[in-house]
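# Residue-level structure breakdown
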Amino acid sequence: MNILVINCGSSSLKFQLIDSETEKCIAKGLCERIGIEGSQITYTPDGGEKEQTVTPMPDHTEAIRLVLEALTNEKTGVVKSLDEIGAVGHRIVHGGEKFAASTIITDEVMKAIEECNDLAPLHNPANLIGINACRKLMPTTPMVAVFDTAFHQTMPEEAYMYGLPYEYYEKYKIRRYGFHGTSHSYVSKKAAEVLGKKYEDLKIIVCHLGNGASVSAVKNGKCVDTSMGLTPLEGLIMGTRSGDIDPAIMEFIAHKEGKNIDEIMTVLNKKSGVYGLSNNLSSDFRDLEAGYNNGDAHCIRTMNTYCYRVAKYIGSYVAAMNGVDVICFTAGIGENAPLVRSLVCEHLGFLGVSIDEEANHKRGEEIAISTPDSKTTVMVIPTNEELAIARETVSLVK
Ligand code: ADP
């Protein structure tokens, strides 16, 4: 069955068509600047040329219409008609406490997702618009919602509660939720599979290090803690997000710089992280790695601080699980930056971690990068959120 995977943002939409039998991506692409002047669609069929077309996209329905047209196009399309698309899997950012698993989309589910809008005001409304647009154009095709938060719903209360007045939890559901759940679930399962061990027997720590970044602790196949919280701002230092800070810093900056809460949130979300810490040099680790190797002080400080924070989270999750068998690195930085993996692992001597630098410099493989005598196994496992969404979708519609 062909599964269309949709990841819909407020002005962009990523898509992949995946054959669920071969698990191959048949075509993929991206719509950008939806509702903004200069919108364009990029479409790449498997084995074919990448096509970029600048065309008006006043709304998401038009964007989806263009995606479906590209997929069924006589010359460059990959299917003859929409009947060859068996189901659509939608990535939904926030499922709150309502969704601990993926689900078939019904009117009731739409309402429940909408009730989570407060928790992700930038993302959930855009996700809903994407679903509505698809339902309009493919009214008889089953749709599935796959939530970024669902995998983390197994966290125990002691891991998800904040030290805040309890009434905020009761009134507003303020608690830790975690994100990147599809990736943490996919990568931890894959690690067990590659090692030939039972998922339910392992204590696994997954470091998903991309533009957004989070660490999770997966004990016996269940997530017991993760570093992002009510929103994706908590936890690691990220591309442009601050991660954990003393909340009193917000009041301090407000007074010193005359900023209001919205302006401060923009600083914490868009101007902080490795970008801010490197004195606005770059949020991209390729630039930071080059600077680090050239002895640039801003890059050295940024790289060390970033890796120290990752190691600190790993240490705390060893405590959370009373041990660890496997540590996995994944996503843009985790998969492609051997320097980051090396610097993080330098802090992990207490776990008996020893890295094979030759293996650490290999690319694009599911591979153990620790030496055979390392007490803890360290691996690189490329993530594949779209495939994970396609698998979830098939399992619900079959
Ligand atoms: P997103 O959170 O947007 O999905 P990704 O997981 O794609 O992010 O990660 C993007 C980041 O990965 C880039 O900003 C860059 O810092 C990093 N990255 C990508 N390729 C490399 C590379 N070859 N070396 C170092 N870092 C890389």
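Just so it is clear, the model here is predicted, and its values are computed rather than measured.

With that out of the way, let us pick up the overall build of the protein. Within the protein, the regular secondary structure consists of 15 helices and 14 strands. Here the C-alpha atoms of the protein give a radius of gyration of 21 Å, agreeing with the 21 Å that 2.2 N^0.38 yields for 398 residues. For the C-alpha atoms alone, the extent of the protein along its principal axes is close to 60 × 55 × 45 Å. For the protein, with 398 residues in total, the buried portion stands at 50%. A sequence separation of at least 24 residues applies to 60% of the contacts in the protein between residues at least 6 apart. The centroid of the 39 positive side-chain charges in the protein is displaced by 1 Å from the centroid of its 52 negative side-chain charges.

Every one of the 14 residues lining the ligand counts as a neighbour, but Asn211, Gly212, Asp284, Phe285 and Gly332 are closest to it. Here an oxygen atom of the ligand sits 3.4 Å away from a polar atom, N or O, in the main chain of Gly212. Considering the ligand on its own, with 580 Å² of exposed area, one finds that the protein chains cover 71% of that surface. Within the residue set of the shell around the ligand, elements represented by two or more residues are α10 (285-293) and α12 (331-336). Here the shell around the ligand takes four residues from α12, the largest share from any one element. Its residues assigned to classes, the shell around the ligand shows four nonpolar, six polar and four charged.

What follows is about helix α15 (residues 385-397). Its 13 residues place the ends of α15 18 Å apart at the C-alpha level, agreeing with the 18 Å of an ideal helix rising 1.5 Å per residue. Those residues of α15 not exposed but buried are Leu387, Ala388, Ile389, Ala390, Thr393 and Val394. Where α15 is buried, its residues contact β1 (2-8), β2 (13-19), β6 (85-92), β8 (143-147) and α6 (181-195).

Summed over the entire model, instances satisfying the criterion amount to 15 salt bridges. For Glu167, the salt bridge identified is with Lys171, shortest N-O distance 3.3 Å. Taken as a pair, Glu167 and Lys171 lie in helix α5 (residues 166-172) at a separation of four residues, close to a single helical turn. Residue Lys171 is classed as exposed on the basis of its relative accessible area of 52%. Here Lys190 makes a salt bridge to Glu193, at a shortest N to O gap of 3.6 Å. One end of the pair is Lys190 and the other is Glu193, both in helix α6 and three residues apart, which spans about a single turn. Classification of Lys190 as buried rests on a relative accessible area of 13%. Accessibility expressed as a relative area gives 56% for Glu193, which makes it exposed. Among the charged side chains, a network of salt bridges with common partners joins Glu62, Arg65 and Glu69.

What follows covers the sheet that holds strand β10 (residues 213-219). Working definition: the strands of a sheet are paired by backbone hydrogen bonds and lie parallel or antiparallel to each other. Taken together, the six strands give an open sheet; going across it, the order is β11-β10-β9-β12-β14-β13, and neighbouring strands pair in mixed fashion. Because the sheet does not close on itself, it has two edges, and the strands there are β11 (222-226) and β13 (367-368). Two elements, strand β9 (residues 203-209) and strand β12 (residues 326-330), share five bridges in a ladder whose sense is parallel. When the sheet's bridge partners are listed, Ile204 is paired in β12 with Val326.

Further remarks concern a nonpolar patch on the surface. Together, Leu164, Tyr168 and Tyr172 make up an exposed nonpolar region whose accessible area comes to about 300 Å². As for its position among the elements, Leu164 is in the loop between α4 (157-160) and α5.

On to the nonpolar core. Counting residues in hydrophobic clusters, the biggest one holds 45 residues, and the most contacted among them are Ile205, Leu209, Tyr306, Ile314 and Val340. When residues of this core are traced back to their parent elements, those giving at least two are β9, β10, α10, α11 (297-321), β12, α13 (338-346) and β14 (377-380). Per-element accounting of this core gives the leading share, 11 residues, to α11. The residues touching Ile205, leaving out its near neighbours within four places in the chain, are Val215, Ser216, Ile314, Tyr317, Val318, Met321, Val324, Val326, Ile327 and Cys328. Leu128, Ala145, Phe147 and Ala150 belong to the second-largest nonpolar core, a separate cluster that totals 39 residues.

This part takes up the packing of aromatic side chains. Evaluated as defined, the whole model comprises six aromatic pairs. When the ring of Tyr160 is compared with that of Tyr169, the centres are 6.3 Å apart and the planes differ by 40 degrees; the resulting orientation is tilted. In this pair, the class of Tyr160 matches that of Tyr169, namely buried. Taken together, a centroid distance of 5.6 Å and an interplanar angle of 45 degrees make the contact between Tyr166 and Tyr169 tilted. Taken together, the residues span about one helical turn, with Tyr166 and Tyr169 both in helix α5 at a distance of three residues. Taking relative accessible area as the criterion, Tyr166 reaches 44% and is therefore assigned partly exposed. Three or more aromatic residues joined by ring pairs form one cluster here, namely Tyr160, Tyr166 and Tyr169.

Trans peptide bonds make up the majority, and among non-glycine residues the majority have a negative phi. Phi at Lys173 takes a positive value of approximately 60 degrees, unusual for a residue other than glycine. Examined against the element boundaries, Lys173 turns out to sit in the loop between α5 and α6. Unusually for a residue other than glycine, Asn280 sits at a positive phi of about 65 degrees. Overall, Asn280 belongs to the partly exposed group, its relative accessible area being 44%.

Scoring rules and cut-offs
- Within any chain, residue numbers begin from 1 and follow the written order of that chain's sequence.
- Reporting of local features is limited, given that this is a predicted model, to residues whose pLDDT is at least 70; pairs of side-chain atoms are given and counted only at 80 or more, and all residues count toward the totals for whole chains, interfaces and linings.
- Side-chain measures here rest on the full set of heavy atoms in the structure, leaving out hydrogens and waters.
- In this text, helices come from DSSP runs of H or I with a minimum length of four residues, and strands from runs of E with a minimum of two, each type numbered from the N-terminal end.
- Just to be clear, the radius of gyration here is over C-alpha atoms, and the globule rule we use is 2.2 Å times residues to the power 0.38.
- Only protein chains enter the accessibility calculation, which uses a 1.4 Å probe; a residue whose area is less than 20% of its type maximum is buried, one above 50% is exposed, and one in between is partly exposed.
- We call two residues in contact whenever any of their non-hydrogen atoms come within 4.5 Å of each other.
- Counted as positive: Lys and Arg. Counted as negative: Asp and Glu, with His and the chain ends omitted from the count.
- Here the site of a charge means NZ on Lys, CZ on Arg, CG on Asp, or CD on Glu.
- If even one non-hydrogen atom of a residue comes within 4 Å of a molecule or strand, that residue is called near it.
- Residues adjacent in sequence count toward polar contacts only when both atoms are side-chain atoms; beyond that, a polar contact is any pair of N or O atoms within 3.5 Å, and within protein one must be able to donate a hydrogen and the other to accept it.
- Per-residue and other accessible areas follow the Shrake-Rupley method at a 1.4 Å probe size, with only the shown protein chains counted as cover for residues.
- Gly counts as polar in this scheme, as do all residues outside two lists: the nonpolar Ala, Val, Leu, Ile, Met, Phe, Trp, Tyr, Cys and Pro, and the charged Asp, Glu, Lys and Arg.
- By definition here, a helix of n residues has an expected span of 1.5 Å times n minus one.
- Criterion for a salt bridge: a side-chain nitrogen of Lys or Arg within 4 Å of a carboxyl oxygen of Asp or Glu.
- Two strands are counted as paired when DSSP detects at least two bridges linking them.
- In this scheme, patches are assembled from residues that exceed 30% relative accessible area and form no salt bridge. Like charges are connected within 9 Å, while nonpolar side chains (Val, Leu, Ile, Met, Phe, Trp, Tyr) are connected within 5 Å.
- As used here, the term nonpolar core means buried Ala, Val, Leu, Ile, Met, Phe, Trp, Tyr and Cys residues forming a set that is joined through side-chain atoms within 4.5 Å.
- Only rings of Phe, Tyr and Trp enter the pairing, Trp through its six-membered ring, and a pair is recorded when the two centres are within 6.5 Å. The plane angle decides the type: under 30 degrees is stacked, over 60 is edge-to-face, the rest tilted.

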